Each structure stands twice: as structure tokens, then as C-alpha cells.
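A closer look at the structure
Listed below are the residues making up each chain.
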Amino acid sequence: MDGIASILVVDDNPKFLNDALPMYGYDVTTAEDGIEALKILSDEKNTFDLVLLDVMMPNMDGWDTLKAIRKNPKTQYIPVIMITAVSEDQKVVSGLKIGADDYIVKPFILPNLLARIEAVLRRSKWQAENVKTDKKINKDVNIDALTPKEKEVLSLVAKGASNQEIADKLCVQDVTVKTHLNSIFKKLKVSNRTQAVLLALEINLIN
């Protein structure tokens, strides 16, 4: 990563990460529960590159906090790494579906966490650069050309769903989803999922 990455640590016992992460070049802000974290994130003066989010916290747990982060347009794209206890590991899949970018199980070794942080930050930077490139898209399209089913597929894509997840949601085969996507790309005059979602958002086709 170029420059100093800013990390929000959300944990009711943040001392270890608050002490350790600055030693590795990170700018750290802490919140001791989800409610405090959401207040910090909503402040227009604050900008974060990553959120480290503990699951077990008072007042508002990590899962509800993650849902709120993903629902807020200001914070919906901030990378989030969930910190879970071993007993919560079975909930990880649900967390990833909600919108977590990665997770690590406590007790963890600091080098493992640092590696995950770097990986998520690199991926986030790469995606941001691709979005800048993909913003040169053609808005001169016929919105009504999409069928209701294609709009539903596009909405699920915008929420981060994979082809298999969309197929399961709509009770269709994976090949059917691919057919819908190919039709969407053709009608919207785009070449990939990112461009399709960006265009749909810009012309208010999906919320």
C-alpha cells in the first residue's frame, strides 16, 4: 500500500490492536461497540480504508454493525474484516454473504492478521482503480429493454451476489444466470459486471 492506511478498529477490548497496528504504519481509530463505530463512520470528516470488526460486542454486535455499514451509501464499499471467536466460526459464511471481505478467528497471530489486512487493502485499491476506468460508460441505453427478471439479476449482482448465489435465490440453473447476464451486458452496451452495475446505479435503474 502507498501512504498510511487508516483503520477503524471496532472491539470492546481494542488495546492490543490499537498498540500494535501503528507500529506497522497504520493510522488507527477505535470504537468499543457498533453504535460508536457507526457514529464515527457517519462523520463526514472521517475517511477509513478498512474496518476491523469484532463480532462479540455490547450494545450492537458485529453482524448488525456490518449490515448497517453495507446499507449506508457513505460506507457500503469500505472493506471489512470480521474478527470472530472459534465458537462463531460456523457463522462466517453468513457474514461473508452479508458483506464481509474477510475474517480471522481469535486467538490470532499478528502476522496472519497483517497479511489479511494487506491483502484486503490491495484488493480494494485494485477495485477502486478499475472503477475509475470503468466509469467511461455509455449512458445512452434503453432502460426498458431489460426484462423484470434481468433487472432482478442485476440488482443481485449489485449486492455482490455470485452467479451461484443468484441461481439459488431465483431457483434457476447457473447457466440461466449466465444467459441473463449476457443479455444484460448486450442491452446496456457494457462488457462486464462492474460496468453494468455502475451504469445501472447512475441511471437509477437499481437502488
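Residues numbered from 1 in each chain as written. Predicted model: local features only at pLDDT ≥ 70, side-chain atom pairs only at ≥ 80, totals over all residues. Heavy atoms only, no water.

On to the pairing of strand S2 (residues 27-31). Here strand S1 (residues 6-10) runs beside S2; their pairing, made up of five bridges, is parallel. Along S2, the bridge assignment pairs Ile7 with Val28. (Pairing = 2+ DSSP bridges. Helix = DSSP H or I, 4+ residues; strand = E, 2+ residues; numbered from the N terminus.)

In this section: the sheet that holds S2. Read from one edge of the open sheet, five strands run S2-S1-S3-S4-S5, paired in parallel fashion. The sheet terminates laterally at S2 and strand S5 (102-106), the two strands that pair on one side only. Neighbour-to-neighbour, the strand axes of this sheet turn through a mean angle of 20 degrees, independent of strand direction. Strand direction decides the pairing type here: strand S4 (residues 80-85) and S5, joined by five bridges, are parallel. Directly across from Ala85, in S5, lies its bridge partner Lys106. In the packing of helix H2 (residues 34-42) onto the sheet, contacts are made with S1, S2 and strand S3 (50-54), and the angle to S2 comes to roughly 130 degrees. Taken strand by strand, helix H3 (residues 62-71) contacts S3 and S4, and its axis lies near 170 degrees from that of S4. (Axes fitted to C-alpha atoms, helices over the stretch in contact; angles between N-to-C directions. Contact = heavy atoms within 4.5 Å.)

Here we take up helix H6 (residues 148-158). Of all the positions in H6, only Glu150, Val153, Leu154, Leu156 and Val157 are classed as buried. Across the axial projection of H6, the buried residues extend over an arc of 160 degrees, all falling on one side. Gly160, located one to two residues past H6, shows a positive phi value of around 95 degrees. (Buried < 20%, exposed > 50% of the residue type's maximum accessible area, 1.4 Å probe, protein only. Arc of directions from axis to C-beta.)

On to the pattern of salt bridges. Within the structure shown, the criterion is met by seven salt bridges. Where Lys106 meets Asp54, a salt bridge forms, and the shortest distance between an N and an O atom there is 3.3 Å. One end of the pair, Lys106, is in strand S5; the other, Asp54, is in strand S3, and 52 residues separate them in sequence. Measuring nitrogen to oxygen at the nearest pair gives 3.4 Å for the salt bridge that ties Lys178 to Asp174. Taken together, the residues Lys178 and Asp174, both in helix H8 (residues 174-188) and four residues apart, mark about one turn of the helix. (Salt bridge = Lys/Arg side-chain N within 4 Å of Asp/Glu carboxyl O.)

This part takes up the packing of H6 against H8. Where H6 meets H8, the axes come as close as 10 Å, and the angle between the chain directions of the two elements is 95 degrees. Taken together, H6 and H8 sit at an angle that is classed as roughly perpendicular. Where H6 approaches H8, its residues Lys149, Glu150, Val153, Leu154 and Val157 are matched on the opposing element by His180, Leu181, Ser183, Ile184, Lys187 and Leu188. Per-class residue counts for the contact of H6 with H8 are six nonpolar, two polar and three charged. (Parallel < 35°, antiparallel > 145°, perpendicular 65-115°, else oblique. Nonpolar A, V, L, I, M, F, W, Y, C, P; charged D, E, K, R; others polar.)

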